[in-house]
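Coordinate analysis (summary)
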Amino acid sequence: MRLIIDTFVQVAQDCPVTTGVVPTTKPNAKPSIHVLQYELLSADPYRYTINDLIYEVHIRHKEYPEETIAKDADRIRAELFSKSHPCMRASMLPKKYGWGVHYDPDGKLAIYGMETEQYRKFVEGTSGTRKLVYAMRNKRA
């Protein structure tokens, strides 16, 4: 996957919410991919590149044991990235839950609720980010 930098992904034009909503997991179910994305990005902004995030979500979603990760991390990563993966424009965070996604100049990610001042600065172009894109629509126009 090519590295995306200096880009802000706005919520989808047909996003059903007006503020950032924390995604939840149903009782007795394992966390969904968008819940894991939210947990990782909200806990540690600008730590993960898109590839690092995809990998971390994958190993958590599949519940790999720590021993397997320590021993086979390179193999798991190689198998995972032997096929393509969508960027954050396709994530449920900006499509459904009202979170904008910022790729910094190093390609590291952070999320911002659409009601926040920082989100507004990205959208207005006063944050210094060069590229502004929308998340993919939930339905065809």
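About the criteria used
- Residues numbered from 1 in each chain as written.
- Predicted model: local features only at pLDDT ≥ 70, side-chain atom pairs only at ≥ 80, totals over all residues.
- Heavy atoms only, no water.
- Helix = DSSP H or I, 4+ residues; strand = E, 2+ residues; numbered from the N terminus.
- Rg over C-alpha atoms; globule rule 2.2 N^0.38 Å.
- Buried < 20%, exposed > 50% of the residue type's maximum accessible area, 1.4 Å probe, protein only.
- Contact = heavy atoms within 4.5 Å.
- Areas by Shrake-Rupley, 256 points an atom, 1.4 Å probe, with all protein chains shown as cover.
- Lys, Arg positive; Asp, Glu negative; His and termini not counted.
- Charge placed at Lys NZ, Arg CZ, Asp CG, Glu CD.
- Pairing = 2+ DSSP bridges.
- Axes fitted to C-alpha atoms, helices over the stretch in contact; angles between N-to-C directions.
- Polar contact = N/O pair within 3.5 Å; in protein donor to acceptor, adjacent residues only side chain to side chain.
- Salt bridge = Lys/Arg side-chain N within 4 Å of Asp/Glu carboxyl O.

**Considering the overall build of the protein chain**
A tally of regular secondary structure across the protein chain gives five helices and four strands. Starting at the N terminus, the α and β elements of the protein chain follow one another as β-α-α-α-α-β-β-α-β. For 141 residues, the compact-globule formula gives about 14 Å, and the C-alpha radius of gyration of the protein chain, at 15 Å, lands near that figure. Dimensions of the protein chain along its principal axes, counting C-alpha atoms only, are 45 × 35 × 30 Å. In the protein chain, which comprises 141 residues, the proportion classed as buried is 40%. For the protein chain, the proportion of contacts with a sequence separation of at least 24, taken over those separated by at least 6, is 72%. As displayed, the protein chain has an accessible area near 8,300 Å², and 50% of this comes from carbon and sulfur atoms. Between the mean site of the 21 positive side-chain charges and the mean site of the 17 negative ones, the protein chain shows a separation of 9 Å.

**Considerations on unusual backbone geometry**
Phi is positive for Asn 28, close to 65°, though the residue is something other than glycine. Relative to the elements of secondary structure, Asn 28 occurs in the loop between strand S1 (7–10) and helix H1 (33–43). Positive phi is not limited to glycine here, since Glu 63 has a value of about 55°. Mapped onto the secondary structure, Glu 63 falls in the loop between helix H2 (50–61) and helix H3 (66–80).

**Details of H1**
For H1, the complete set of buried residues consists of His 34, Val 35, Leu 36, Gln 37, Tyr 38, Leu 40 and Leu 41. Looking at the buried side of H1, the elements it contacts are H2, helix H4 (92–95), strand S2 (99–103) and strand S3 (109–113).

**Structural notes on the sheet that holds strand S4 (residues 131–134)**
Taking strand neighbours across the sheet as the criterion, the four strands line up as S3-S2-S1-S4 in an open arrangement whose pairing is mixed. Strands at the two margins of the open sheet, each flanked by one partner only, are S3 and S4. Recorded for the sheet is a direction-independent mean angle of 20° between the axes of neighbouring strands. Strand direction decides the pairing type here: S1 and S4, joined by four bridges, are parallel.

**Brief notes about the environment of Glu 56**
Looking at the secondary structure, you find Glu 56 in helix H2. On the accessibility criterion, Glu 56 (17% relative accessible area) is buried. The sequence separation of Glu 56 and Ala 43 amounts to 13 residues, and the corresponding C-alpha distance is 13 Å. If we skip the residues at most four places from it in the chain, Glu 56 touches Leu 40 and Tyr 48. Here Arg 60 takes part through its side chain, which lies 2.9 Å from a polar atom of the side chain of Glu 56.

**Points about the side chain of Ser 91**
As for its position among the elements, Ser 91 is in the loop between H3 and H4. By relative accessible area, which is 7% here, Ser 91 ends up buried.

**Digging into the side chain of His 85**
Its location among the elements puts His 85 in the loop between H3 and H4. Among the polar contacts made by the side chain of His 85, one reaches the main-chain carbonyl oxygen of Leu 80 at a distance of 2.8 Å.

**Examining the pattern of salt bridges**
Enumeration according to the criterion identifies eight salt bridges in this entry. Of the charged contacts in the structure, one is a salt bridge between Arg 47 and Asp 44, with a shortest N-O distance of 3.5 Å. Asp 44 gets classed as partly exposed once you look at its relative accessible area, which sits at 31%.

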